[in-house]
Amino acid sequence: ANRDGAAKYFYDSFLGCRVPQNSAFLTKAFFDSTKEFIKNLPVEAEKRADLVTSLYTYLKVDQSPTVEVNAFSTTYLPTDMRDAYREFMTRRSFPLTAVQKDITELKGVLKLRKVTFRSNIRITAPAEAFKELITIETIPQDGVGPGQPSQWTRITIKDQILDQE
């Protein structure tokens, strides 16, 4: 399932073979490339978290049998980011036509969402819970000292604590 790194180099450069680009491979490439695009957007962390949630929703919840760059961009991305996204995916050699959706190589990835903070605090939850039960907001902090973050994150979880360790 992992076609990156040394194995890809060995097959491609040394043997001259190509990794087959079936629908599972292309769906994973769509996920990886789109997630990278979203991570590098110059937007607030709150908006970035919403876009990542949209990607999970598009692949796991959306009932469409295909994934398509244009469909994702028009449904989930703000208008001013759509052209940059299409150009990014073109540079990644991802087809702009519809590709059969096959999430078999993404099942483990799509099962849980993880948010990690600089202080090594982590929140992990099922992808569906992020959309329905978790709200992430960026809030400004006034009067912070040097080296202190000027923004904090407020997380609202619409549930009660079950257990703590």
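The structure we're discussing is the one just above.
A brief report on the enclosed structure follows. Here the residue numbers are simple positions, counted from 1 along each chain's written sequence. Whole-chain, interface and lining totals are the exception, using all residues; otherwise, since this is a predicted model, local features are given only for residues with pLDDT of at least 70 and side-chain atom pairs are given and counted only at 80 or more. Hydrogens are left out, water is left out, and the side-chain values use all remaining heavy atoms of the structure.

### A closer look at the overall build of the chain
Per the secondary structure count, the chain includes 7 helices and 6 strands. Of the regular secondary structure in the chain, the N- to C-terminal order runs α-α-α-β-α-α-β-α-β-β-α-β-β. Among the 165 residues that make up the chain, the fraction classed as buried is 30%. At a minimum sequence separation of 6, the contacts of the chain that also span at least 24 residues come to 53%. Segments assigned H or I by DSSP are reported as helices when at least four residues long, segments assigned E as strands when at least two residues long, and all are numbered from the N terminus. For each residue, the accessible area found with a 1.4 Å probe, counting protein chains only, is set against the maximum for its type, and the residue is called buried under 20%, exposed over 50%, and partly exposed in between. Two residues qualify as a contact provided that any one of their heavy atoms is within 4.5 Å of a heavy atom in the partner residue.

### Quick word on the pairing of strand β4 (residues 122–126)
Side-chain positions along a regular strand alternate between the two faces of the sheet. We treat two strands as partners when DSSP finds at least two bridges between them. Summarising the sheet, strand β3 (residues 112–116) and β4 pair through 5 bridges and their orientation is antiparallel. Note that in β4 the partner of Lys114 across the bridge is Thr124. Between β3 and β4, which pair antiparallel one after the other, the connecting turn spans 5 residues, and Asn120 there sits at a positive phi close to 70°.

### Considering helix α3 (residues 45–61)
Given a rise of 1.5 Å per residue, 17 residues ought to cover 24 Å, and the 23 Å separating the end C-alpha atoms of α3 matches this to within 8%. When we look at burial in α3, the residues that qualify are Ala49, Leu51, Val52, Thr53, Ser54, Leu55, Tyr56, Thr57, Tyr58 and Leu59. The span you would expect from a helix comes to 1.5 Å times its residue count less one.

### Let's talk about the packing of α3 against helix α4 (residues 69–76)
For the pair α3 and α4, interaxial distance at closest approach is 11 Å and the crossing angle is 130°. As the angle between them shows, α3 and α4 are arranged oblique. Handedness of the crossing formed by α3 with α4: right-handed. In contact with Leu51, Ser54, Leu55, Thr57 and Tyr58 of α3, α4 contributes Ala71, Phe72 and Tyr76. The angle between two axes is taken between their N-to-C directions and runs from 0 to 180 degrees, where each axis is a line fitted to C-alpha atoms and a helix contributes only its stretch in contact. Under this scheme an angle from 65 to 115 degrees is roughly perpendicular, one under 35 degrees roughly parallel, and one over 145 degrees roughly antiparallel; angles in between are oblique. Here is the rule for handedness: rotate from the far helix to the near one, and if that takes an anticlockwise turn smaller than a right angle the crossing is left-handed, while a clockwise turn gives right-handed.

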